[in-house]
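# Coordinates in review
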Amino acid sequence: MDVRIDLEQSRIVVSLSASKKERESIYGEKMADLLEFSIASNGPIDFRMVHQDHLALIVLLAAHPFATGKLPIPLHVSKQFEEATRIFSRYRPEFLSTSGKPYTSTSDGKPGLAFSGGMDSTAALALMPNKTVPVFLDRPHRANTTLYNKSAAKATLAFLEAKGVPNIAISTDVEFIRNPVGFPTDLATGIPVLALASHFQFDSVGFGTVMESAYRIGHERSRDYIESPHYKVWAPLFSAAGLPLFLPVAGVSEVGTSTIVHRSPYRGMARSCIRGDWPQTCDNCWKCFRKQLIEHGINQTDFSEHQFLKSLQSKEVVSKLSAEFISHENVLGWALNKIKRGPTLDVLFNRLVASTYSLKHLDAFYPPAINLVPPKYRLHVLEQLRTYLPEMKEADQWRMIEQDFTEHLNTPQHRKNVHTLMTLLKS
Ligand SMILES: [Zn+2]
């Protein structure tokens, strides 16, 4: 795969060209026709001063799912960065030289946060130091993303502005190099933060990754994220670029991020739905369904049978509920457990694996996840976490990390519960 990088004052353009072999490989299936994307700002930013290690990391985050064989990146990176890239085996990054100076922020360094305006990254913002700069990723309008509505994003930025929180929006179309449209790697949402690191003197990159994603709780099998291949590949790369990962909500479930935002100065700002016209939500997407249920759970208000049946008119909701393992089903279970359920909501609840075990630990934070925060910020984040949530009991911690429902999924009772829900969804 060839890489071309064009640097202009207000824009970075990265063009990847896949070889015929790469296009025809299984990694080519998810490539868009054009593997080119830009990162742009209309603020007083000069992208020509972006550190070469940061540019290289941007390229890797974009090319990672597609590249095989040689990946020549036309940059002079630091030795330590080049060494961290040797972990890749499917492809081999090669650089012009390793004579580049490593990046270190100045003494007034601060964290940058990959910010979407949703619950999870807003909770992250609430836990991070006050000097943190939320970097809003602005998605361009394109014909096939007409559902995306910018009004929520604008309202979020106005809210930050009014609170005196320094913030910046960066637009990038990196999602369009993938087919279907989406971020090539989950950490690619941090590309705008990397592009601004030298300008703002960032010393770390924050993400609103929640416990469901990091530790895979509420999935078929949990994992210890720190020991996972994902962390072992990317954490050293970000560190080698002088921008260690800062994951303040990795030990917090989606229930916890909603609770934090509710109790924080950002209450009323965050919204996860990117489709409705602010302040309305679209009430038709999977995120709306899940986040509304959490709201009802937190406020202990009714989610009526009528509301539930109305949700089932959404194809997206029905398709998510038809999955072999419903994503974030622990969170649905937590919410349904808190509220009064009619007979149809009971059908959903009984089908969830989460109806078979205690979900009290979702109210608490998982203390070992503090190791996913750079050492100098741990004390601050711990203090903040403690003001919002209780600490998870040790016995619950073990139980959560060792969850494995593979066998449960094949029990006759579970198959029967799935069948009953499927009948309801089809009716
Ligand atoms: Zn929605």
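What you are looking at is a predicted structure, and each value in this text was computed from that prediction instead of being measured.

### Here we look at the domain arrangement of the protein
Here the domain parsing of the protein yields domain 1 (2-246) and domain 2 (277-360 + 404-426). Averaged C-alpha coordinates put domain 1 and domain 2 at centres separated by 32 Å. Between domain 1 and domain 2, the residue contacts involve eleven residues of the former and 13 residues of the latter. When residues in the side of domain 1 that touches domain 2 are grouped by element, the largest group, three residues, is from helix H5 (residues 151-162).

### A short note on the environment of Arg-86
One can find Arg-86 in the loop between helix H3 (79-84) and strand S5 (91-100). It is 14 Å that separates the C-alpha atoms of Arg-86 and Ala-235, two residues lying 149 residues apart in sequence.

### Topic: helix H13 (residues 329-338)
Burial analysis of H13 places eight of its ten residues in the buried class, which makes it a mostly covered element. As for H13, its buried residues are in contact with helix H7 (211-214), helix H9 (254-263), helix H10 (286-299) and helix H14 (343-351).

### A few points about the pairing of S5
Sheet topology places strand S4 (residues 69-78) next to S5; seven bridges connect them, and they run parallel. Looking at the pairing, Gly-69 lines up with Tyr-91 of S5. Chirality of the crossover, the property in question, places the unit of S4, H3 and S5 among those that are right-handed.

### What to know about the pairing of strand S6 (residues 110-115)
On a regular strand, each side chain points to the face opposite its neighbour's, so the side chains alternate between the two faces of the sheet. Counting buried residues along S6, five of its six residues qualify, which places the element largely inside the surrounding structure. Here four bridges tie S6 to strand S9 (residues 202-206), and the two strands are oriented parallel to one another. When the sheet's bridge partners are listed, Gly-112 is paired in S9 with Val-205. Summarising the sheet, S6 and strand S7 (residues 133-138) pair through four bridges and their orientation is parallel. When the sheet's bridge partners are listed, Leu-113 is paired in S7 with Pro-134. Following the backbone out of S6, through helix H4 (residues 119-127) and into the adjacent parallel S7, one traces a crossover that is right-handed.

### Structural notes on unusual backbone geometry
For the peptide bond that leads from Asn-179 to Pro-180, omega is 0°, which places it in the cis range. Mapping Pro-180 onto the fold places it in the loop between strand S8 (168-172) and helix H6 (191-200). The phi dihedral of Gln-201 falls on the positive side, at around 60°, and the residue is not glycine. Checked against the element boundaries, Gln-201 lands in the loop between H6 and S9. Its identity as a non-glycine residue notwithstanding, Gln-300 has a phi of 55°, on the positive side. With 9 C-beta atoms counted inside 10 Å, the residue Gln-300 sits in the exposed group.

### Quick notes on the environment of Asn-417
Relative to the elements of secondary structure, Asn-417 occurs in helix H17 (residues 412-426). When the C-alpha atoms of Asn-417 and Glu-254 are compared, they prove to be 25 Å apart, with 163 residues separating the residues in sequence.

### Here we look at the sheet that holds S8
Pairing within the open sheet is mixed, and its eight strands lie in the order S1-S2-S3-S8-S7-S6-S9-S10. Pairing within the sheet leaves two strands with one partner each, and these edge strands are strand S1 (2-7) and strand S10 (245-246). Pairing of strand S2 (residues 11-17) with strand S3 (residues 36-40), which is carried by five bridges, proceeds in the antiparallel orientation. Opposite Val-14, over in S3, you have Phe-37 as the bridge partner. The strands that H4 touches are S6, S7 and S9; relative to S6, the one it contacts most, it runs at about 165°.

Parameters and conventions
- Residues numbered from 1 in each chain as written.
- Predicted model: local features only at pLDDT ≥ 70, side-chain atom pairs only at ≥ 80, totals over all residues.
- Domains from an automatic or database assignment.
- Contact = placed C-beta atoms within 7 Å.
- Helix = DSSP H or I, 4+ residues; strand = E, 2+ residues; numbered from the N terminus.
- Buried ≥ 20, exposed ≤ 12 C-beta atoms within 10 Å, placed from the backbone.
- Pairing = 2+ DSSP bridges.
- Right-handed = clockwise from strand over helix to strand, strands pointing away.
- Axes fitted to C-alpha atoms, helices over the stretch in contact; angles between N-to-C directions.

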